Amino acid sequence: MATEQEEAVNRHDKRRLKLERLKMPAEVAAHVKEPTYSFKNMFGIWEMLVRNMADEWEPDVFCDPAEYINDIIVRDRIDKIIAEYPVLGQPPLDSLLAELDAWFMHYSVYDGGAELSLWRPKSENFAERNERWRRKPVTIPWN
């Protein structure tokens, strides 16, 4: 990762850590050194989801709908962070993210959001969300 990207990641993670600590008791917050949703961790969450989809959810891998939806939310957050720190949308991170996204598309199928709408509030309109919300894994891990 380029130095400018490292600096952007550090700025994001520092701000994220501060936000996460606000939600913790002071005695716990004092010991937390890295945010749960650091940029690196979010990238890892997205990569793990795509790998599990590619592996057709190996028998020892459990994923319930809430976990899957959280991973889609994490991917959406990555886009927001890149919008805030455009340097993160440049090489080499852009190609890695594009590759993971391509694999997600390969291991999912368009259903207009029908599957995820079973697990989200009926008031949500998946047509207004990005393409990831209108797709389901080829192999559904929670059925």
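None of these values were measured; they are calculated from a predicted model.

A word on a negative patch on the surface
The grouping of Asp55, Glu56, Glu58 and Asp60 at the surface amounts to a negative patch. Looking at where Glu56 falls in the secondary structure, it is placed in the loop between α3 (39-54) and α4 (65-84).

Some thoughts on the side chain of Arg132
Its location among the elements puts Arg132 in the loop between α6 (114-117) and β2 (135-137). A polar atom in the side chain of Arg132 sits 2.9 Å from the side chain of Asp79. With sequence-adjacent residues up to four places away left out, Arg132 is seen in contact with Trp46, Ile72, Arg75, Asp76, Asp79, Phe104 and Leu116.

Some details on the side chain of Asp76
By the secondary structure assignment, Asp76 is in helix α4. Taking relative accessible area as the criterion, Asp76 reaches 15% and is therefore assigned buried. Of note is the side chain of Asp76, whose polar atom sits 2.7 Å from the side chain of Trp133. For Asp76, the residues in contact, after removing those within four places along its chain, are Arg129, Asn130, Arg132 and Trp133.

Let's talk about the layout of surface pockets
Here the largest pocket is characterised by a volume of approximately 180 Å³. Considering the residues around the largest pocket, the lining is formed by His12, Arg15, Arg16, Leu19, Tyr37, Met42, Arg77, Lys80, Ile81 and Glu84. Of all the secondary structure elements, the ones that give two or more residues to the lining of the largest pocket are α1 (3-22) and α4. Taken together, the residues of the lining of the largest pocket sort by class into 4 nonpolar, 1 polar and 5 charged.

Regarding the packing of aromatic side chains
Scanning all chains against the criterion turns up 4 aromatic pairs. Between Trp46 and Phe104, the ring centres sit 5.0 Å apart and the planes meet at 40°, which makes this aromatic pair tilted. Remark: Phe104 occurs in helix α5 (residues 93-106) and Trp46 occurs in helix α3; sequence separation between them is 58 residues. On the numbers, 5.6 Å between centres and 15° between planes, the contact of Trp103 with Tyr107 is stacked. Judged by its relative accessible area of 39%, Trp103 is partly exposed. Directly above the ring of Tyr37 sits Arg77, whose terminal nitrogen or CZ lies 5.1 Å from the centroid. Between Arg129 and the ring centre of Trp133, over which it is positioned, the NZ or CZ distance is 4.2 Å.

About the criteria used
- Here the residue numbers are simple positions, counted from 1 along each chain's written sequence.
- Two thresholds apply to this predicted model, a pLDDT of at least 70 for residue-level local features and 80 or more for giving and counting side-chain atom pairs, whereas whole-chain, interface and lining totals are computed over all residues.
- With hydrogens and water excluded, all non-hydrogen atoms of the structure serve as input to the side-chain values.
- Surface patches are defined over residues having more than 30% relative accessible area and no salt bridge, joining like charges when they lie within 9 Å and nonpolar side chains (Val, Leu, Ile, Met, Phe, Trp, Tyr) when within 5 Å.
- Working definition of accessibility: Shrake-Rupley area with a 1.4 Å probe, residue cover restricted to the visible protein chains.
- The salt bridge criterion pairs a side-chain nitrogen of Lys or Arg with a carboxyl oxygen of Asp or Glu, the two atoms within 4 Å.
- Neither His nor the chain termini are counted; the positive set is Lys and Arg, and the negative set is Asp and Glu.
- Where a charge lies is defined by one atom per residue type, namely NZ (Lys), CZ (Arg), CG (Asp) and CD (Glu).
- Labels follow the DSSP assignment, with helices taken as runs of H or I lasting at least four residues and strands as runs of E lasting at least two, numbered in each case from the N terminus.
- N or O atoms within 3.5 Å of each other form a polar contact, as long as, within protein, one can give a hydrogen and the other can take it, and as long as residues adjacent in sequence are counted only when both atoms are side-chain atoms.
- Working rule for contacts: check all heavy atoms of both residues, and any pair within 4.5 Å makes them a contact.
- Buried residues are those whose accessible area, probed at 1.4 Å on protein chains only, stays under 20% of the maximum for their type, while exposed residues exceed 50% and partly exposed ones sit between those limits.
- Whether a set of points on the 1 Å grid over the protein atoms alone is a cavity depends on a 1.4 Å probe fitting there but being unable to get out, while an open set qualifies as a pocket with protein on both sides within 12 Å along at least five of seven lines; lining residues are those with an atom within 4 Å of a point.
- Grid points are joined across faces, edges and corners, and a volume is the space filled by probe spheres set on the points.
- Following the grouping adopted for this structure description, the nonpolar residues are Ala, Val, Leu, Ile, Met, Phe, Trp, Tyr, Cys and Pro, the charged ones are Asp, Glu, Lys and Arg, and the polar ones are all others, Gly among them.
- A pair of aromatic rings is counted whenever rings of Phe, Tyr or Trp (Trp by its six-membered ring) have centres within 6.5 Å, and the orientation is called stacked for planes under 30 degrees apart, edge-to-face for over 60 and tilted otherwise.
- Counting as a charge over the ring demands two things of the Lys NZ or Arg CZ atom: a distance within 6 Å of the ring centre and an angle within 35 degrees of the ring normal.

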